[in-house]
Amino acid sequence: MKRKFISVKREIGSSFYKLNSEDKEYKALADNKIELEDHYTLYSSGRSAFLAILEEIHRSKDVKHIWIPEYYCHNVTGFLERNYDTIKYYYINPFEYQTKFNFQDFAKKGDVIVLNNYWGLFNYDYDPQNQDRPIIIEDHSHGWLTQQCLNSQADYCLASVRKSYPVSGGGVAWRPGSMLEEPYYETKADEAIEDAHIILSQSINKKRSFLKDDKGDKKSYLNLLSAGEAQITESNSYVRPNPELYEALEHYISLDINVVKSENLQTVLELIKPSSHFQIVNREGYIPFGLLLLFKDEASFKDFKTFCIQKNIYPANLWPDNDLRSEWKYFFNIHIDFRYDDEDMRYLAHCVNEWSETQVLSTI
Ligand SMILES: Cc1ncc(COP(=O)(O)O)c(C=O)c1O
């Protein structure tokens, strides 16, 4: 299948580029706006939102342990370890959303537990009225505006925003149904987060020029992306985002990413042929972060990635440093959001099927 490249370069799955209001993909996103209630507090990163929540909890309570999942983003784990010496880990399989998971077996009153809405597919079952339970924080970074995110009954929630929109950072913290208590923000200078904003803005602008105007090269925006990420990692505060970022976050977070995503998912699922090499992780009635592919064999997992990159498709391994007590554990997310249309999804499915065929041929 040949792709019709006009002047615009096409690629699937990698980092965001700056959008303009006349872009077709921007309109596809902006067509679906949600009336959000106003209890979301905006931060410069997901980690910063996390810190604000944890500091708020620590202001009024003695926390014995903060329980976080073993399978988690290493940046978040490192950040939490840096700030608290009460971190404990619990095991959970992030692909077994159907399993009842009773965190109250280990996390007790006086503790805090972080529950991650893995890939937008998890819906934790607990009684929020129970007085004898830990404080619950849910992380909806991969399921922004999903039903679980909108209807959460946790004590606190957070999400990283740059996983879902073309913004130079951003985090959201909220208490379902009410505001965070004051002070919402720290008043100190955080140069690292300011630098992150500048560098990540340059990266998304350069990527736009590369894709839409054929200017510059990949290396420059990718280098900026990792330099910006390093600055987020350097930062350690929950200061108010600068006005430019604040405005961008306010604008984007109510645009519903899940409408186009669920249409794209439908298209791609109808076209991808079953393979013995991967499972498609999906849940009826839920909207996943992207096209989620789980592999058993590490060699074919790596081969798949190499094949995809040759086709301008960029699967993301979430997360490389994690291990699981299961056979199927090598995991890719491929973004299928508002940047992509029906033709892109056909191309994606075609490439995945083509790879599966090469696997069949190589075993004959
Ligand atoms: C699940 C999850 N939560 C939180 C974060 C932190 O977000 P940020 O990078 O915006 O600090 C990340 C990624 O870094 C993540 O993957």
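The rules behind the values
- Residues numbered from 1 in each chain as written.
- Predicted model: local features only at pLDDT ≥ 70, side-chain atom pairs only at ≥ 80, totals over all residues.
- Helix = DSSP H or I, 4+ residues; strand = E, 2+ residues; numbered from the N terminus.
- Expected span 1.5 Å × (residues − 1).
- Buried ≥ 20, exposed ≤ 12 C-beta atoms within 10 Å, placed from the backbone.
- Arc of directions from axis to C-beta.
- Near = placed C-beta within 6 Å.
- Nonpolar A, V, L, I, M, F, W, Y, C, P; charged D, E, K, R; others polar.
- Axes fitted to C-alpha atoms, helices over the stretch in contact; angles between N-to-C directions.
- Parallel < 35°, antiparallel > 145°, perpendicular 65-115°, else oblique.
- Left-handed = near helix turned anticlockwise from the far one by under 90°.
- Contact = placed C-beta atoms within 7 Å.
- Pairing = 2+ DSSP bridges.
- Core = buried A, V, L, I, M, F, W, Y, C linked by C-beta atoms within 7 Å.

**Student:** Help me out: how do you make sense of helix α8 (residues 258–271) in this one?
**Tutor:** An α-helical turn contains 3.6 residues, so a residue and the one three or four places further along point in the same direction. Between the first and last C-alpha of α8 there are 20 Å, a value that for 14 residues agrees with the 20 Å anticipated at 1.5 Å per step. Within the sequence span of α8, burial applies to N258, V260, K261, N264, L265 and V268. Along the axis of α8, the buried positions cluster into a sector of 150°, meaning they face one direction only. Facing away from the buried side of α8, by more than 90 degrees, are the exposed residues Q266 and E270.

**Student:** Please clarify how the site of the ligand should be interpreted in this entry.
**Tutor:** What surrounds the ligand is a group of 14 residues, the closest being S45, G46, R47, C73 and S160. Mapped onto the shell around the ligand, the elements with two or more residues apiece are α2 (46–60) and α3 (74–83). Across the shell around the ligand, the residue classes break down as three nonpolar, eight polar and three charged.

**Student:** Is there a simple way to think about unusual backbone geometry in this case?
**Tutor:** Backbone phi values are negative for most residues with the exception of glycine, while trans is the configuration of most peptide bonds. The residue after L318, namely W319, is reached through a cis peptide bond having omega -20°. Mapped onto the elements of the fold, W319 is located in the loop between β10 (316–317) and β11 (330–334). With a phi angle near 55°, W119 is a residue other than glycine that sits in the positive phi range. Mapped onto the elements, W119 comes out in the loop between β4 (112–116) and β5 (135–139). The phi dihedral of L145 falls on the positive side, at around 65°, and the residue is not glycine. Considering the arrangement of structural elements, one finds L145 in the loop between β5 and α4 (147–150).

**Student:** I tried to follow the packing of helix α5 (residues 191–213) against helix α6 (residues 218–234) on my own but got confused; where do I start?
**Tutor:** What describes two packed helices is the angle between their axes and the distance between those same axes. Across the interface, α5 lies against α6 with an axial gap of 8 Å and an inter-helix angle of 160°. When the interaxial angle is binned, α5 and α6 end up roughly antiparallel. For the element pair α5 and α6, the recorded crossing hand is left-handed. Contacts between α5 and α6 involve A192, D195, A196, I199, L200, Q202, S203, K206, K207 and F210 from the former and K218, S220, Y221, L224, L225, A227, G228, Q231, I232 and E234 from the latter. Here the residues of the contact of α5 with α6 sort into 10 nonpolar, five polar and five charged.

**Student:** I keep staring at the environment of T41 and nothing clicks. Help me out?
**Tutor:** On the secondary structure map, T41 appears in strand β1 (residues 41–43). Judged by C-beta crowding, with 21 C-beta atoms within 10 Å, T41 ranks as buried. Measuring from C-alpha to C-alpha, the distance between T41 and H335 comes to 26 Å, with 294 residues separating the pair along the chain. Ignoring any residue separated from it by four or fewer positions in sequence, one finds T41 in contact with A52, A173, W174, L180 and Y184.

**Student:** Can you help me understand the sheet that holds β4 in this one?
**Tutor:** In any sheet, the strands associate via hydrogen bonds between backbone groups, in a parallel or an antiparallel arrangement. In space, the seven strands of this open sheet follow the order β1-β7-β6-β5-β4-β2-β3, with mixed pairing throughout. If you trace the sheet from one side to the other, it starts and ends with β1 and β3 (87–90), each paired once. The mean inter-strand angle of the sheet, taken between neighbouring strand axes irrespective of direction, is 25°. Sheet analysis places β4 next to β5, joined by five bridges and oriented parallel. The residue bridging V112 from the neighbouring strand is I135, located in β5. Against the sheet, α2 makes contact with β1, β4, β5, β6 (156–160) and β7 (171–174), and its axis sits at roughly 25° relative to β7, the strand it touches most.

**Student:** Help me understand the nonpolar core in this model?
**Tutor:** Nonpolar side chains in soluble globular proteins tend to end up buried together. With 63 residues, the main nonpolar core has I53, I137, L158, V172 and A173 as its most contacted residues. Among the elements that make up this core, the one with the highest residue count is α5 (seven residues). Filtering out sequence-adjacent residues up to four positions away, A173 remains in contact with T41, Y43, A49, A52, I53, Y156, L158 and L180. Of all hydrophobic cores here, the second largest spans 32 residues; its members include L121, V281, I313 and M345.

Don't take any of this as a statement about function, it's just geometry.
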